[in-house]
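# Chain and residue survey
So you can see what is in the structure, the chains are spelled out below.
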Amino acid sequence: MSSLLRILRFTRTLSPLYTAVILCSVLTSAAALAVPFLIGHATDTVAGAVGGQTATGTAVRTVVLIAAAVLLAELANTVISNVGGWFGDVMSNRMRTILSVRYYDKLLHLPQRWFDGEITGTIVARLNRSIAEITAFAKTMSNAFASMLITTVAVLAISAWYAWPLTVLLLIVFPVYVWLTSLTSVKWQKLEAEKNVQVDIASGRFAEVVGQIRVVKSFVRERGELEDFSRRFSSTDATTREQSSHWHRMDVLRRSFLNLVFFGIYVIIFVRTVQGAFSLGEMVLLVQLMSMAKAPVESMSWVIDSAQRAIAGSRDYFRVMETPVDPRTAAVMAARPAGSELAAPAVEPVPGAPVLAFRGVDFAYEEGEDVLHEIDFRVHPGEKIALVGESGGGKSTIVNLLLGLYEPRRGSIEVVGRPSAELPLDQLRARIGVVFQDASLFSGTIRENIAYGRPGASDEEVHDAARRANADAFIRRFPDGYEQVIGERGLKLSGGQRQRIAVARAMLKDAPVLVLDEATSALDTKAEIQVQKGLDELMDGRTSLIIAHRLSTIAEVDRIITLRDGHIDEIGAPSELAETGGIYAQLLALQSAGDSRRLARYDITG
Ligand SMILES: Nc1ncnc2c1ncn2[C@@H]1O[C@H](COP(=O)(O)OP(=O)(O)OP(=O)(O)O)[C@@H](O)[C@H]1O
Ligand SMILES: [Mg+2]
């Protein structure tokens, strides 16, 4: 219940809409309550005329007037309930907007670590369900609850006026019915949560499969994936059977109880009328009031059900909302107005300090499993440094730490002489232009992708960056040129094209430090040389950190750092390390041997 109150507090701005909806439902139920009185009055008039106490002419005039009044009341009911429905629609949509935006906002504040442990499709499925359930409840509640409450209170008061035993019976019905319903609901919800777990996992996998359909197809895993999916959903069948039989058994119980009580109510009304305590009109009025009272009781089960769902939904919702945010991201989001461009690096470098420095950094993604040990190196202004090491050695992890995506477990990282942990993240990230190992593009146009870090960049700047990344020519060959839409994650592009867009994106950012994580690995030698030319130009006067498996691309760097199992093995100029017999020398030997083997093979077949 408290989580529902939190939702109300969360959506405080909607209070005018809540009020409007409740007001409409008060008016609707007032109009509905008038009808039994009018019909009762009409019955008495008819009885009077039939019994000869009233003149027929007068009685006719009266009943026609009463019928007109009923018409008015019902018309009012129709119109006002529709106006209320409109407010309800608007309100629930606004509520969905508020809850979704807040959720998204929250997600964007969460640390990278949180995302490592979640499956995208599952996050989305959970969000959609919890928000749908909360808003559905808000809508039914605001439309139905107030009028239910008013009807109930009015019926109780009126019946107390005519015959208190009726009131007593009604007073028993309500709490017992609610009690039975919530009893049903508790178990029902528990089972529902079990089902949701399965459905969320299946939805997460579904999204993954759609996103990577190529892999699924190439390994002919369609059937396997489909079976997993269907097994997850089928496993909810058994739960549903149990859930539903429980619900329906309890419904038989509570409705039978309701029928029994109403049996008593009708007996009282009919017998007392026969005994002369009520006129015919009063009997009709009471019978109608009682059936009006029945509606809220019955819909109570439904309201409680949807309330329970909403409670479960809001719990899911708040579980994410309560996840501790990354304070540094939060600080940046709070400080920067929406839509503002990337801040210029305003933090003054400490004179003479290295641009980047790792000091005794240990790091683990998972507790107890260190990926980096004692990483210690410095990069001076204008230097070009390459990271070399076998796959899984921790090169990309160093980039992640540098960007402040994770915090070191021990030791510290300094950027322009200042502890990176103390730099505002936007300042830190404005200094570093990065091309990730996977090009990671978005589904929009090529232009949007290149200008991702600087949405306000001019066409000229975008084209220039593309030209330097050797992308301009292939972009212009698309029918829509720079406006070409490239599909989810850029899937409509070749791997090398994607990389060149990512390089252009980093070039346009124009940051003082450039980090290239296998930025040209997907390019053929010719394209690589062309991109390299652009990159060389870009690296001129900048500090760069380059990761490349193809050693020819890093032959020109100032120093190489080799990594072995997360340790720094050697640091030195390429010419020095070529002689030491370390990793670099070994890789160099292997690559040139590979090249000559390839050449030899070419000679034989050629
Ligand atoms: N998000 C993560 N969560 C847990 N472990 C991770 C994560 N990312 C990487 N690792 C682990 O950290 C280690 C280093 O990974 P990293 O990506 O830094 O290697 P790399 O040197 O860049 O390799 P490659 O040359 O193949 O790109 C690997 O053993 C990997 O399994
Ligand atoms: Mg890597």
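Use the structure listed above.
Overview of the structure. Only a predicted model underlies this, so the values are computations on that prediction, with no experimental measurement involved.

The rules behind the values
The written sequence of each chain sets the order in which its residues are numbered from 1. A letter from A marks each chain and a number from 1 marks each ligand, given out in the order of writing. With the structure being a predicted model, the display of local features is reserved for residues of pLDDT at least 70 and the display and counting of side-chain atom pairs for 80 or more, all residues being used for whole-chain, interface and lining totals. Heavy atoms from the whole structure form the basis of all side-chain values; hydrogens and water molecules are not counted. Sites may look incomplete, because water is not among the atoms used; the donor set itself consists of N, O and S atoms within 2.8 Å of the metal (3.2 Å for Na, K and Ca). Helix and strand assignments come from DSSP, with helices taken as H or I runs of at least 4 residues and strands as E runs of at least 2, each series counted from the N terminus. Only protein chains enter the area calculation, which uses a 1.4 Å probe; residues under 20% of their type maximum are buried, those over 50% are exposed, and those in between are partly exposed. A pair of strands is considered paired only if DSSP assigns at least 2 bridges between the two. As a rule, the C-alpha atoms of each element are fitted with a line to give its axis, helices using only the stretch in contact, and angles between N-to-C directions run from 0 to 180 degrees. Put simply, a patch holds well-exposed residues, over 30% relative accessible area, that have no salt bridge, with like charges counted together within 9 Å and Val, Leu, Ile, Met, Phe, Trp or Tyr side chains within 5 Å. With residues, only the protein chains shown are counted as cover, and all accessible areas are computed by Shrake-Rupley using a 1.4 Å probe. By definition, a salt bridge exists where a carboxyl oxygen of Asp or Glu is found within 4 Å of a side-chain nitrogen of Lys or Arg. Counting rule for charge: Lys and Arg are taken as positive, Asp and Glu as negative, and neither His nor the chain ends is counted. Throughout, a charge is located at the NZ atom of Lys, the CZ atom of Arg, the CG atom of Asp or the CD atom of Glu.

## Details of the coordination of the magnesium ion (ligand 2)
Every protein donor of the magnesium ion (ligand 2) is accounted for by Ser396 (OG) and Gln437 (OE1), and the metal-donor separations fall at 1.9 to 2.2 Å. Of this pair, Ser396 sits in helix 11 (residues 395–402) while Gln437 sits in the loop between strand 6 (432–435) and helix 13 (446–450), and the two are 41 residues apart along the sequence. Looking at Ser396, the relative accessible area reads 23%, which means it is partly exposed.

## Some details on the sheet that holds strand 9 (residues 559–564)
Read from one edge of the open sheet, six strands run 6-7-8-3-9-10, paired in mixed fashion. Bordering the open sheet on either side are strand 6 and strand 10 (567–572), each of which pairs with just one other strand. For this sheet, the mean inter-axis angle between neighbouring strands, taken without regard to orientation, is 15°. Relative to strand 10, strand 9 runs antiparallel, the two being bridged by five bridges.

## Side note on the pairing of strand 2 (residues 370–379)
Relative to strand 2, strand 1 (residues 356–364) runs antiparallel, the two being bridged by six bridges. Paired with Ala364 across the bridge in strand 2 is Asp370. Counted along the chain from strand 1 to the antiparallel partner strand 2, the turn is five residues long, and its residue Gly368 has a positive phi close to 85°.

## With respect to helix 11
Residues spaced three or four apart along an α-helix face the same direction, because each turn holds 3.6 residues. With seven of eight residues buried, helix 11 is to be regarded as a mostly interior element. Within helix 11, burial applies to Lys395, Thr397, Ile398, Val399, Asn400, Leu401 and Leu402. Taken from the residues just after helix 11, Gly404 is the one with a positive phi, measuring 75°.

## Quick look at a negative patch on the surface
A cluster of acidic residues, Asp536, Glu537, Asp540 and Glu556, forms a negative patch on the protein surface. Inspection of the secondary structure puts Asp536 in helix 17 (residues 525–539). Relative accessible area serves as the criterion here: at 39%, Asp536 is assigned to the partly exposed category.

## Regarding unusual backbone geometry
Trans is the prevailing form of peptide bonds, just as negative phi is the prevailing case for residues other than glycine. The backbone of Val220 sits at a positive phi, close to 50°, despite the residue not being glycine. With a relative accessible area of 63%, Val220 lands in the exposed category. You will see that Glu518, though not glycine, has its phi angle at about 55°, which is positive. Here Glu518 lies in the loop between strand 7 (513–517) and helix 17. A residue is classified by how much of its surface remains accessible, and Glu518, at 8% relative accessible area, is buried.

## Digging into the pattern of salt bridges
Tallied over the full model, the rule gives 29 salt bridges. Ionic pairing is found between Asp200 and Arg129, a salt bridge with its closest N-O pair at 2.9 Å. Highlighted residues: Asp200 in helix 6 (residues 164–211) and Arg129 in helix 5 (residues 120–162), separated in sequence by 71 residues. Put simply, Arg410 and Glu374 hold a salt bridge, and the shortest N to O gap is 2.6 Å. Of this pair, Arg410 sits in strand 4 (residues 410–415) while Glu374 sits in strand 2, and the two are 36 residues apart along the sequence. Under the relative-accessibility criterion, Arg410 is labelled partly exposed at 43%. Judged by its relative accessible area of 46%, Glu374 is partly exposed. A cluster of three or more residues bridged by salt bridges with shared partners is formed by Asp362, Asp370, Glu374, Arg409 and Arg410.

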